[in-house]
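Per-entry structural report
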Amino acid sequence: MQLAERRSRKVRGILTAVTLLGALLLAACQQELYSNLTEVEANQMLAVLMANGLSADKTAKGKEGFTITVESRDMLRAIAVLNDTGYPKNTRDSMGKVFQKSGIVSSPFEERVRYIYALGEEVAQTLSSIDGVVTARVHIVLPDTPQLGQPVKPSSAAVFIKHRPGVDLDFFVPQIRRLVSSSIEGLQYGAVTVVLAEATPTKLETPTEAGSSGNVEVLPGLAIKDADRSRFWQIAMGVGALIGLLIAGNLVLLFFYLRDRRGKRPTVTAAVPMVEPS
């Protein structure tokens, strides 16, 4: 029983080592892209990456939110794709967060500044929901109440929208101006200025046509694409390490088995001749 228990422990140890080694090899190929994400934003980013042909994974980390991981060789392209589509989204302070209760009494001027800031963030958040919008900013000018006898200064607002290439938002400008003017008290439709800017796609350095489309012989009789050469060697090294670990484990088990067998071999005693009495 003791021998069988020792062998079982050795086998479990070898299997655990193989599992850990496989996990380490897989983790070495993955790299964390963004963390502390909400589940909704993580799903949206995951969909964008997969739609662009990139392999990505989403993992939950408890209170720290969700994390998006991609393969190391796709890191640069993944960042460029998400940046061109406006991810991750800028966190904006809501009206409730800006005006949350605190123990410090604010002055009327501070309250006014916070109100204008929160109002602009709320409107910008709404404009960011338009399909094709990468970034939206709203700057609001609300003049102070004029004193007696002074002319009333009109309110105004400036809207900046950066959109994805190929998205035509010119026809949407009147609706944007109407939305902003209706969201801010005392703001006239004609006092809203909208500026549209097309986002420039991130340019990635690509290898030459010969290098990207040509094949490289990594082993005699085996050729792969040059772009996949590093990936091939990572997998080959991982498989080789696993095979080596399995062979070493089998040799250890064989050694203990032979040693135990040799210890149990019965000893041969010399035969004593029988002498008959005369």
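For the structure itself, consult the block above.
Keep in mind that what you see is a predicted model, and the values were worked out from it rather than measured.

Glancing now at the sheet that holds strand E2 (residues 56-60). Taken in spatial order, the three strands make up an open sheet running E1-E3-E2, and their pairing is antiparallel. The two strands at the open ends of the sheet, each matched to only one other strand, are strand E1 (30-37) and E2. On average, adjacent strands in this sheet sit at an angle of 25° to one another, irrespective of strand direction. The sheet contact formed by E2 and strand E3 (residues 66-71) spans five bridges and is antiparallel. By the bridge assignment for E3, aspartate 57 is matched with threonine 69. Where helix H2 (residues 39-51) meets the sheet, its contacts fall on E1, E2 and E3, and the angle it forms with E2 comes to roughly 165°. Each of E1 and E3 is contacted by helix H3 (residues 75-84), which is oriented at about 30° to E1, the strand it contacts most.

Our focus in this paragraph is H2. For H2, spanning 13 residues, the distance from its first C-alpha to its last is 18 Å, which sits close to the expected 18 Å at 1.5 Å a residue. Residues Glu41, Ala42, Met45, Leu46, Val48 and Leu49 constitute the buried set of H2. Here the buried residues of H2 occupy an arc of 160° about the axis, which is enough to place them on one side. Opposite its buried face, H2 presents the exposed residues Val40, Met50 and Ala51, each directed more than 90 degrees away.

Taken together, Ile235, Val239, Ile243, Ile247, Leu251, Leu254, Tyr257 and Leu258 make up a surface patch of nonpolar side chains, about 720 Å² in accessible area. On the secondary structure map, isoleucine 243 appears in helix H8 (residues 229-264).

Reading across the sheet, the three strands line up as E4-E5-E6 and stay open at both edges, with mixed pairing between neighbours. Whereas interior strands pair on both sides, the edge strands pair on one side only; in this sheet they are strand E4 (133-141) and strand E6 (192-198). Strand-to-strand twist in this sheet, taken as the mean axis angle between neighbours without regard to direction, amounts to 10°. As paired elements, strand E5 (residues 156-163) and E6 share seven bridges and run parallel to each other. Bridged to alanine 158 within E6 is threonine 193.

Here the focus is unusual backbone geometry. Even without a glycine there, the phi angle at asparagine 36 is positive, about 55°. Within the secondary structure, asparagine 36 is located in strand E1.

In terms of nonpolar packing, the biggest core is built from 22 residues, with Leu127, Val159, Ile176 and Val180 touching the most fellow members. For this core, the element with the most residues is helix H5 (residues 108-127), which contributes five residues. Dropping the residues within four chain positions of it, leucine 127 is found in contact with Val133, Ala136, Val138, Val159, Ile176, Leu179 and Val180. Residues Met45, Leu54, Val70 and Ala78 belong to the second largest nonpolar core, which totals 17 residues.

Cut-offs used in this document
Residues numbered from 1 in each chain as written. Predicted model: local features only at pLDDT ≥ 70, side-chain atom pairs only at ≥ 80, totals over all residues. Heavy atoms only, no water. Pairing = 2+ DSSP bridges. Helix = DSSP H or I, 4+ residues; strand = E, 2+ residues; numbered from the N terminus. Axes fitted to C-alpha atoms, helices over the stretch in contact; angles between N-to-C directions. Contact = heavy atoms within 4.5 Å. Expected span 1.5 Å × (residues − 1). Buried < 20%, exposed > 50% of the residue type's maximum accessible area, 1.4 Å probe, protein only. Arc of directions from axis to C-beta. Patch = residues over 30% accessible without salt bridge, like charges linked within 9 Å, V, L, I, M, F, W, Y side chains within 5 Å. Areas by Shrake-Rupley, 256 points an atom, 1.4 Å probe, with all protein chains shown as cover. Salt bridge = Lys/Arg side-chain N within 4 Å of Asp/Glu carboxyl O. Core = buried A, V, L, I, M, F, W, Y, C linked by side-chain atoms within 4.5 Å.

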